[in-house]
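Now for the letters of each chain:
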Amino acid sequence: LIKLNMFKYEEINNKIYYDFVQRYSNRNFIEIFKTYLVKKNLKFSKVEILVALIFLNMAPLHHNPFDKLLYALGRTMLNKILK
């Protein structure tokens, strides 16, 4: 979906706005994964931190404006998790 440019990224007055299309099935997969982690006595919050770090790490490897969206998404996720 990203390759089809189904995302938005804007910087307006020192604020960042972004949005991207996600498949509905992703939510179901995440819930299945959370259930699996609970059964294995693992923390989903650690997975969320890893995902945020992956987004930050891969941002420079992509084109503009997708690179900025990944960076903003990673920062937003880390901020939410670590607060």
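Residues numbered from 1 in each chain as written. Predicted model: local features only at pLDDT ≥ 70, side-chain atom pairs only at ≥ 80, totals over all residues. Heavy atoms only, no water.

**Q** Even after reading the chapter, I still don't get the overall build of the protein, so can you show me in this structure?
**A** Along the backbone of the protein there are three helices and two strands. Going from N to C terminus, the protein has its helices and strands arranged as β-β-α-α-α. In terms of overall dimensions, the protein has a C-alpha envelope of 45 × 30 × 25 Å along the principal axes. Residue burial in the protein is summarised as follows: out of 83 residues, 14% are buried. (Helix = DSSP H or I, 4+ residues; strand = E, 2+ residues; numbered from the N terminus. Buried < 20%, exposed > 50% of the residue type's maximum accessible area, 1.4 Å probe, protein only.)

**Q** When you look at unusual backbone geometry in this model, what are you seeing that I'm missing?
**A** When glycine is set aside, most residues are seen to have a negative phi, and most peptide bonds are trans. Across the junction of Asn64 and Pro65, the peptide omega takes the value 5°, indicating a cis bond. Position of Pro65 relative to the elements: it lies in the loop between α2 (44-58) and α3 (66-82). One non-glycine residue with positive phi stands out, namely Asn14, at about 60°. Among the secondary structure elements, Asn14 is positioned in the loop between β1 (7-12) and β2 (15-20). We note that Asn41 has phi near 60°; this positive angle belongs to a residue other than glycine. Its place among the elements puts Asn41 in the loop between α1 (24-39) and α2.

**Q** What's the story with the packing of aromatic side chains in this structure? I'm lost.
**A** What characterises a pair of aromatic rings is the spacing of the ring centres plus the angle enclosed by the ring planes. Per the stated rule, a full pass over the model turns up one aromatic pair. Plain terms: the ring middles of Phe7 and Phe66 are 5.5 Å apart, the flat faces sit at 55° to each other, and that makes the pair tilted. Pair noted here: Phe7 is in strand β1 and Phe66 is in helix α3, with a separation of 59 residues, a long-range link. Here Phe7 falls in the buried class, since its relative accessible area comes to 13%. (Phe/Tyr/Trp six-rings, centres within 6.5 Å; stacked < 30°, edge-to-face > 60°.)

**Q** Would you explain the pairing of β2 in this entry?
**A** Looking down a regular strand, the side chains alternate between one sheet face and the other. Across six bridges, β1 lies against β2 in antiparallel orientation. The residue of β2 that forms the bridge with Lys8 is Asp19. In this antiparallel pair of consecutive strands, β1 and β2, the connection spans two residues, and Asn13 shows a positive phi of 50°. (Pairing = 2+ DSSP bridges.)

**Q** Please explain the environment of His63 as it appears in this structure.
**A** For His63, the location among the structural elements is in the loop between α2 and α3. Taking relative accessible area as the criterion, His63 reaches 42% and is therefore assigned partly exposed. When the C-alpha atoms of His63 and Lys46 are compared, they prove to be 28 Å apart, with 17 residues separating the residues in sequence.

**Q** Hey, could you run me through the pattern of salt bridges in this one?
**A** Once the charged atoms of two side chains with opposite charge are near each other, the side chains can pair. Counted according to the given criterion, the structure contains two salt bridges. Between Lys68 and Glu11 there is a salt bridge, with its nearest N and O atoms 3.7 Å apart. Note that Lys68 is positioned in helix α3 and Glu11 in strand β1, a separation of 57 residues in sequence. With a closest N to O distance of 3.7 Å, Glu31 and Lys34 form a salt bridge. With Glu31 and Lys34 both in helix α1 and three residues apart, this pair spans about one turn of that helix. (Salt bridge = Lys/Arg side-chain N within 4 Å of Asp/Glu carboxyl O.)

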